[in-house]
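Close look at the chain arrangement
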Amino acid sequence: MSWNRPLIIGLIVLLLALGWLRTNSADTEQVRRSQLMMGTIVEIVASGKSSGQLEAAIDDAFAEMARLDRVLSRYHQDSDITRLSQSDKGGRVAPETAEVIAIGLDVAERSHGAFDLTLGRLKVLWNFDDENPVVPEQAAIARAMAGTGPRAVELDGLNLIKRSPQLMVDLAGVAKGYIVDRAIGVLKKHAITDAAVNAGGDMYLLGQHPEHPWRIGIQHPRQQGGILATVQVRDRAVVTSGDYERFFEQDGQRYHHIFDPQTGLPARGCQSATVITDSVALGDALATAIFVLGPQKGLELLADYPGAEGLIVAADGSLHPSPGWDAYQDTP
Amino acid sequence: MKTPWQIMTKGDWLIVLMLLGIALVGIAWLAVAPTGTRVIVTSGGETCFVADLDRPTSIDLDGPLGKTHLVIDEQGAYVTGSPCPRKICIAMGPAKRAGDLLACVPNRIMVRIEGPAGEDAPYDLLSR
């Protein structure tokens, strides 16, 4: 028997074993689940060593999201928001509601009213949920806008004070993001380190994808299925506001659901605004405010938030990235 | 003195070649293995339809508002008819890569593409 035979055969067996390990890439499990809630698709993807642990964490995250949706949505009859809208002077709210309102009021103040939590009546008037929405009459818009604005409500601890009895608070521009942030908090409590929570395109990316940093495609605002850019992120929120998801056309004009609080009409400065920041709630409010402000003022607002970056598509289709955007961009 | 390669017997070479052949066949099998990309549909949270993405078909899916019509063909899986008021599900266009989602929220229908994503996928999630 030749002395080298075991050596050669051993080396080949080692090679095969390495190949097997490579193709079965470690023992990382990935669980992906989705549900319809908050008027959109909510998807949670999580990776880790134990599928049981991942399943339990995702169950708890979805349960927390459903609980918060019942508190914060104007579509639930027993929510804080419905109760506030029905009251003349406001009232006491849940700590979570107060937290969302505080975030919204801060962005409202710093954006000089471009983000507005008090447009509930205007949104009801435009009724984008209807089968055949139409542009309301100017007088009706003026009535819906009466008494709105950043100073129309005041938060004192857990008490919200309404300045006008008919005012309807609407947290749609920030609550969904807040709920995603809370879901991420639940996953972290379960010691999940790599996950994504995506609510209709507003998302937080925790850690990384099992094989690489999270790669997020940004929807092209005028090409169905087209990608405007791809970014790579870790422990960041990515939020996009655009005029292409909910809109109708009348007399050749596009009317979408992001309103300019100055006019009560759809904002005209942008096609889309994408923000990368450290919380989805903030990103949600900022993306809306930037969309309303337009590229120049939008970038000025973004500069007020350290660590926040953005990519704005102006109404003419031109691209306006913030100074630090390139650090995230993967492909042009 | 002979090197190890010089003192290998014909039997040694036969074993080496056999093992290399097995390794090559295994690698080739992994490369051409079917992707198994599937379309999973849920209605009200319950799975109600499963199909291969590469097998053209169409189906009416029952929801609380009525029937949502789903088509699967070379473009992917997409909704062509829906009883919902805004028809956003139709406007969403086709879902075709693993991880893509479609939904008719009012009719509680959700369509999910499942399968290996692949390293060449341009992104993991879509912000819109």
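All values reported here derive from a predicted model rather than from experimental measurement.

Comments concerning the sheet that holds strand β1 (residues 38–43) of chain B
Residue and element names in this part refer to chain B. Spatial ordering of the open sheet is given by β2-β1-β7-β6, a layout of four strands whose pairing is antiparallel. Of all strands in the sheet, those with a lone pairing partner are β2 (46–52) and β6 (101–104), marking the two edges. Ignoring strand direction, the axes of neighbouring strands in this sheet form an average angle of 15 degrees. Taken together, the six bridges between β1 and β2 define a ladder with antiparallel strand orientation. Opposite Val41, over in β2, you have Phe49 as the bridge partner.

Quick word on the domain arrangement of chain A
Residue and element names in this part refer to chain A. The domain architecture assigned to chain A consists of domain 1 (80–162) and domain 2 (173–185 + 194–331). If you average the C-alpha positions of domain 1 and of domain 2, the two centres end up 21 Å apart. If you look at the interface, domain 1 gives 25 residues, while domain 2 gives 29 residues. The contact between domain 1 and domain 2 buries some 2300 Å² in all, and 73% of this surface belongs to carbon and sulfur atoms. Three residues stand out in domain 1 for area buried against domain 2, namely Arg110, Phe115 and Phe128, and they jointly supply 25% of the buried area on that side. On inspection of domain 1 and its partner domain 2, the count reaches zero salt bridges. Applying the counting criterion to the domain 1 and domain 2 interface returns six residue pairs in polar contact (both at pLDDT 80 or more). Of all the secondary-structure elements, those providing two or more residues to the side of domain 1 that touches domain 2 are α4 (95–110), α5 (120–126) and α6 (138–145). Broken down by element, the side of domain 1 that touches domain 2 gets its largest block of residues, seven residues, from α4. Of the residues contributing to the side of domain 1 that touches domain 2, the split by class is 15 nonpolar, three polar and seven charged.

About the criteria used
- Residues numbered from 1 in each chain as written.
- Chains lettered and ligands numbered in written order.
- Predicted model: local features only at pLDDT ≥ 70, side-chain atom pairs only at ≥ 80, totals over all residues.
- Heavy atoms only, no water.
- Pairing = 2+ DSSP bridges.
- Helix = DSSP H or I, 4+ residues; strand = E, 2+ residues; numbered from the N terminus.
- Axes fitted to C-alpha atoms, helices over the stretch in contact; angles between N-to-C directions.
- Domains from an automatic or database assignment.
- Contact = heavy atoms within 4.5 Å.
- Buried area = accessible area lost by both parts, 1.4 Å probe.
- Salt bridge = Lys/Arg side-chain N within 4 Å of Asp/Glu carboxyl O.
- Polar contact = N/O pair within 3.5 Å; in protein donor to acceptor, adjacent residues only side chain to side chain.
- Nonpolar A, V, L, I, M, F, W, Y, C, P; charged D, E, K, R; others polar.

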